[in-house]
Amino acid sequence: MLSGGSHTKFFRLALAATLVAFLGVVFGSYARLSEAGLGCPDWPGCYGQSFTPVTARDIDRAKPAGRVVRPEDRAWRDVVQRYLSGILGLLLLRLAWRGWQLKKRKRNQQVLIPLATMLLSFTLAFAGALTVSLKFKPLVMMVELLGGMIILGALWWVALREQKIWKSVSPSPVARSLRPRVLAALVIVFVQIALGGWSMVNYAGLACPDFPTCQGVWWPPMDQLNALTLWRDVGLEYESKLLDLPATTAIHMNHRLVALITLLYVGWLSLRVMRVGSQEQLRWHGLLVLLLLAEEMILGILQVMTHLPLALAVAHNAVAALLLLSLITLYHKARPPRTR
C-alpha cells in the first residue's frame, strides 16, 4: 500500500520545483533584459542624449553611445541565476528519484515527466555555458528561454496531476470539445512566447517605438530573411546589435502579428469557456485566462508607449508564463479524471 505521506511529499516537491522554475524564468528574463540595456542605460541623459529618443532611427543612432554592462555589474545576476538553476536541479533530481521509488508501488505514478525535466535542466545548464563561449548567440539564448518555459509548464502539469483541489471534470461533450481548442491555444501562446524571446535576444523591442503604427506607418520596411536567420557567424555582445533596423523591425512586427492572433483566439476561447463551462466548473478558469491575456496585452502596449522600461518588460515575461500555466490548468480540468 502507498502511504498518503509519500504522495504528499511528491506533490510538495513538484510544487516547490515549480515555484523555483517560475522564479528562474522571471529572474532569467530580468538578467537578459537588464543586460541588453533596455530603456535608458545611462543617467541623467538617455543613450548619451539630453532627451529620450522617440523614433526607432533615433534609438538606432543613439544606441552605440549607451554604456556597456560591466562584468562586475553582471556578476551578481549570473550568481543568482546559477543558484536558482542549482536548486532547481537538486529538486528535479529528488523528484525523479522519489517518483521512481513510488512507481514500484503505484502503477500510474508520474516518473517520465520528472525524469525528462531533470535531463532538460542539465542540458540547459550546458547551454548556459555555451552562451558565454559562443558570445551570447541569440539561438543559444532562445534555447535557454524556451527550455525554462517547458520545464515550468511540465512541472506545473506534474503538480496538477498530483493535487486534489482542482479535480478534472467528468467526461462530457463540452469537455471533449474544449480539449483540442485549449491545446491549440497552448501552441499559439508558446509560439508567441518564442517570438517575444527572439525579439528580446535580438534587441528588437525598441524597433517600433509607437503603437498601433510602427515608425509612424502601418507597414514599415522589413527584412524577414535576416530576421528569421537562426544561426549567425558572429555572436551578439550586450549593448551591441548585429541586425540592422529593417531586420529588427521584422522581428518586432512578427511578434505583434502573432500577438493579435493570440488575442483573438485565446480571447474567444476564454469567453466560450465562461459561457459553456458553468456545469463543468470551468467558468472561473476561463475568466482567469481572459484576465491574464488582457494584462499581457496591456503590458505589451505599455512597453512600446513608454520605450521599454525594465520593470514592464520583466512583468510582461512573468505574465506570459502565468498565462501559459493558466492554459495548462484549463487543459487539466477538461481532461478525464485520473484513475489512481
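Quick caveat: nothing in here was measured; it's all calculated off a predicted structure.

Trainee: Can you help me understand the overall build of the protein in this one?
Mentor: Of the regular secondary structure elements, the protein holds 10 helices and zero strands. For the protein, the sequential pattern of α-helices and β-strands runs α-α-α-α-α-α-α-α-α-α. A buried classification covers 52% of the 340 residues belonging to the protein. In the protein, of all internal contacts separated by at least 6 residues, the share reaching a separation of at least 24 is 81%. With an accessible surface of roughly 16800 Å², the protein has 68% of that area assigned to carbon and sulfur atoms.

Trainee: Looking at this structure, I do not really get the state of the cysteines. What am I missing?
Mentor: Inspection of every chain in the model, using the stated rule, returns one disulfide. With a sulfur-sulfur separation of 1.8 Å, Cys-208 is cross-linked through a disulfide to Cys-214. As the torsion about the S-S bond is roughly -65°, the Cys-208-Cys-214 disulfide counts as left-handed. The exposure class assigned to Cys-214 is buried, which follows from its relative accessible area of 1%.

Trainee: What's the story with the packing of aromatic side chains in this structure? I'm lost.
Mentor: Counted by the stated rule, this structure contains three aromatic pairs. Taken together, a centroid distance of 5.6 Å and an interplanar angle of 50° make the contact between Phe-27 and Tyr-30 tilted. You can see Phe-27 and its partner Tyr-30 sitting in helix H1 (residues 4–35), three residues apart, about one turn around the helix. Relative accessible area serves as the criterion here: at 15%, Phe-27 is assigned to the buried category. Of the residues examined, Tyr-30 reaches a relative accessible area of 21% and is grouped as partly exposed.

Trainee: Would you take a moment to explain the environment of Gly-197 for this structure?
Mentor: For Gly-197, the position within the fold is in helix H6 (residues 173–201). Residue classification places Gly-197 among the buried positions, given a relative accessible area of 3%. Each C-alpha atom of the pair Gly-197 and Arg-32 lies 10.0 Å from the other, and the pair is 165 residues apart in sequence. Once you skip the residues sitting within four places of it in the chain, Gly-197 turns out to touch Met-142 and Leu-145.

Trainee: Mind showing me how you'd approach the packing of H6 against helix H8 (residues 245–276) here?
Mentor: The relative placement of two packed helices comes down to the angle between their axes together with the axis-to-axis distance. Relative orientation of the contacting elements H6 and H8 amounts to 155°, with a least axis distance of 9 Å. Comparing the axis directions of H6 and H8 gives the class roughly antiparallel. In the crossing of H6 with H8, the sense of the turn from one axis to the other is left-handed. A class-by-class count of the residues in the contact of H6 with H8 yields 20 nonpolar, six polar and two charged.

Trainee: Would you mind showing me how to read the packing of helix H5 (residues 138–162) against H6 here?
Mentor: Two numbers describe how H5 lies on H6: the axes approach to 9 Å, and their chain directions differ by 145°. In this structure, H5 crosses over H6, and the sense of that crossing is right-handed. Where H5 approaches H6, its residues Pro-138, Leu-139, Met-141, Met-142, Leu-145, Leu-146, Met-149 and Ile-150 are matched on the opposing element by Phe-190, Ile-193, Ala-194, Gly-197, Trp-198, Met-200 and Val-201. Here the residues of the contact of H5 with H6 sort into 14 nonpolar, one polar and no charged.

Trainee: What am I meant to see in the nonpolar core here?
Mentor: One recurring pattern in soluble globular proteins is that nonpolar side chains are buried together. Leu-88, Leu-152, Leu-155, Val-189, Ile-193, Leu-324 and Ile-328 are the most contacted members of the largest nonpolar core, which has 70 residues in total. Elements with a contribution of two residues or more to this core: H1, helix H3 (71–103), helix H4 (112–133), H5, H6, H8, helix H9 (283–305) and helix H10 (310–334). Ignoring sequence-local partners within four residues, the contact set of Ile-193 consists of Leu-145, Leu-146, Met-149, Ala-320 and Leu-324.

Trainee: Honestly, H10 in this entry has me stumped. Any pointers?
Mentor: Turn by turn, an α-helix covers 3.6 residues, leaving residues three or four places apart pointing in a common direction. In this model H10 runs 37 Å from its N-terminal to its C-terminal C-alpha over 25 residues, within 8% of the 36 Å that 1.5 Å per residue would give. Across the 25 residues that make up H10, a large majority, 20, are buried.

Trainee: Can you walk me through the environment of Ala-175 in this structure?
Mentor: Take Ala-175: it is sitting in helix H6. Among the residues examined, Ala-175 registers a relative accessible area of 1% and is labelled buried. Placed 98 residues apart in sequence, Ala-175 and Val-273 show a C-alpha to C-alpha distance of 9.6 Å.

Rules used throughout
Residues numbered from 1 in each chain as written. Predicted model: local features only at pLDDT ≥ 70, side-chain atom pairs only at ≥ 80, totals over all residues. Heavy atoms only, no water. Helix = DSSP H or I, 4+ residues; strand = E, 2+ residues; numbered from the N terminus. Buried < 20%, exposed > 50% of the residue type's maximum accessible area, 1.4 Å probe, protein only. Contact = heavy atoms within 4.5 Å. Areas by Shrake-Rupley, 256 points an atom, 1.4 Å probe, with all protein chains shown as cover. Disulfide = S-S within 2.5 Å. Phe/Tyr/Trp six-rings, centres within 6.5 Å; stacked < 30°, edge-to-face > 60°. Axes fitted to C-alpha atoms, helices over the stretch in contact; angles between N-to-C directions. Parallel < 35°, antiparallel > 145°, perpendicular 65-115°, else oblique. Left-handed = near helix turned anticlockwise from the far one by under 90°. Nonpolar A, V, L, I, M, F, W, Y, C, P; charged D, E, K, R; others polar. Core = buried A, V, L, I, M, F, W, Y, C linked by side-chain atoms within 4.5 Å. Expected span 1.5 Å × (residues − 1).

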